[in-house]
Amino acid sequence: MPRVQAIDSLDRTLATLLDRSPARHGAIVIVDRDGPVAAAGLIERPFALASVTKVFTATAVHLAVEEGTLTLEHPAGPAGSTVAHLLAHASGLGPDGRVLADPGRRRIYSNAGYEILGRVVTDTAGMSYTRYATEAVVDTLGLMHTTLAGSPAHGASSSARDVAALASAWLTPGAVLAASTVERATRPFIGELAGVLPGFGSQTPNDWGLGPEIRGHKSPHWTGAHNTPATFGHFGRSGTLCWIDPVRGRAMVWLGDAPFGPWATTLWPEAADAVLDVSDRRHHDR
């Protein structure tokens, strides 16, 4: 990943945001379509990603689809469910793997579904999910501080610099994933499904793509009021997030060692708005 170019006002904003968080250690990186533009904190230190792991898993699954290893229509999970249903939390599986609804009826956030996706990749690729995802994503992007060990739902660790490289790849279709793949993955799969967004309550609709969550018009939400509805990404229980706003042309990665809690529901949206405002002002002043 190219060296971060310092933008004094934005760098100061990021440092202030980190100081306001309860984390003892943390990092923020902002990227646009030309690469990283600002950073603060320990950007090369690995942190537990928790559910931000799912962005890596989804990337690996989409690469497997592109190369013909599997298809989105491949049966997986409960009867009638497919790889696409599992990616979009629409399989009917609950968090613990119990079937709570028919496929395509409700948006039920399910770590168990991503565990199944890992097994599907293992079965179809002829190698373990960990090896496949490492070769397909980590090695392709040249990530130096990322380990995809354990659960494909929540087991990875990575640095803010590395996650920002992945975010940049999603922000620039064709860099890793084909433009058609990104377009398909970042529009709602089975629109208008209601469901609970963990940490933010019931949402109707609870839009989700094939891997990334989609902001849409959700309220409350962990992104900012100035993020466009097309914004997509994920956050994790370990106090981590990655959002990509393809309309604004910005992505933000925040990693740290303070678990998700009330602080994040307030600070993260404020941080998103501050980042977008400061970067827009600088762009207009050029």
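Remember, predicted model here, so these are calculated numbers, not experimental data.

J.: So, the overall build of the protein chain: which residues are in play, and what are the values?
T.: Scanning the protein chain from N- to C-terminus turns up 8 helices and 10 strands. In summary, the protein chain has a C-alpha radius of gyration of 18 Å against a globular reference of 19 Å for 286 residues, a match within 12%. Considering only C-alpha atoms, the protein chain reaches an extent of 55 × 40 × 35 Å along its principal axes. Split by element, the accessible area of the protein chain, about 11500 Å² in all, is 52% carbon and sulfur. Looking at the protein chain, you have 24 positive and 27 negative side-chain charges, and the mean spots of the two groups are 3 Å apart.

J.: Quick one: what's the story with the pattern of salt bridges, residue by residue and with numbers?
T.: Evaluated as defined, the whole model comprises 6 salt bridges. As a salt-bridge pair, Arg20 and Glu270 come within 2.6 Å of each other at their nearest N and O atoms. Here Arg20, found in helix H1 (residues 8–20), pairs with Glu270, found in helix H8 (residues 262–285); they are 250 residues apart in sequence, far enough to count as distant. Since its relative accessible area comes to 45%, Arg20 is described here as partly exposed.

J.: So what's going on with the confidence of the model for the protein chain? Which residues, and what values?
T.: It should be kept in mind that the predicted coordinates are not to be read in detail where pLDDT is low. The predicted model of the protein chain averages 94 in pLDDT, with 95% of residues at 70 or higher. Across residues 1–7 the pLDDT falls below 50, and counting only partners more than four positions away or on other chains, this stretch makes 21 contacts in the model.

J.: Please give an account of the side chain of Thr53 that cites residues and values.
T.: With respect to the element layout, Thr53 can be found in helix H2 (residues 53–66). Classification of Thr53 by relative accessible area gives buried; the value is 2%. Within the local environment of Thr53, its side chain forms a polar contact with the backbone nitrogen of Gly155, the two atoms lying 3.5 Å apart. With residues near it in sequence (within four places) discarded, Thr53 still touches Ser151, Pro152, Ala153, His154, Gly155 and Ala156.

J.: Got a sec to walk through the environment of Thr122? Specific residues and values, please.
T.: Inspection of the secondary structure puts Thr122 in helix H4 (residues 111–125). With 79 residues separating them along the chain, Thr122 and Gly201 place their C-alpha atoms 34 Å apart. Apart from the residues within four sequence positions on either side, Thr122 is in contact with Met127, Ser128 and Tyr129.

J.: Let's hear about the packing of aromatic side chains: which residues, and what values?
T.: Applying the stated criterion to the full structure yields 10 aromatic pairs. Ring geometry for Phe200 and Phe260: centres 5.9 Å apart, planes at 55 degrees, overall tilted. Residue Phe200 is found in the loop between strand E5 (195–197) and strand E6 (201–203), and its partner Phe260 is found in the loop between strand E10 (250–256) and H8; the two are separated by 60 residues along the sequence. Its relative accessible area of 7% is what places Phe200 among the buried residues. For the ring pair Phe260 and Trp268, a centre distance of 5.7 Å and an interplane angle of 45 degrees mean the geometry is tilted. The exposure class of Phe260 is partly exposed, given its relative accessible area of 22%. Taking the relative accessible area as the measure of exposure, Trp268 reaches 1% and is therefore buried.

Analysis parameters
- Residues numbered from 1 in each chain as written.
- Predicted model: local features only at pLDDT ≥ 70, side-chain atom pairs only at ≥ 80, totals over all residues.
- Heavy atoms only, no water.
- Helix = DSSP H or I, 4+ residues; strand = E, 2+ residues; numbered from the N terminus.
- Rg over C-alpha atoms; globule rule 2.2 N^0.38 Å.
- Areas by Shrake-Rupley, 256 points an atom, 1.4 Å probe, with all protein chains shown as cover.
- Lys, Arg positive; Asp, Glu negative; His and termini not counted.
- Charge placed at Lys NZ, Arg CZ, Asp CG, Glu CD.
- Salt bridge = Lys/Arg side-chain N within 4 Å of Asp/Glu carboxyl O.
- Buried < 20%, exposed > 50% of the residue type's maximum accessible area, 1.4 Å probe, protein only.
- pLDDT = per-residue confidence, 0-100.
- Contact = heavy atoms within 4.5 Å.
- Polar contact = N/O pair within 3.5 Å; in protein donor to acceptor, adjacent residues only side chain to side chain.
- Phe/Tyr/Trp six-rings, centres within 6.5 Å; stacked < 30°, edge-to-face > 60°.

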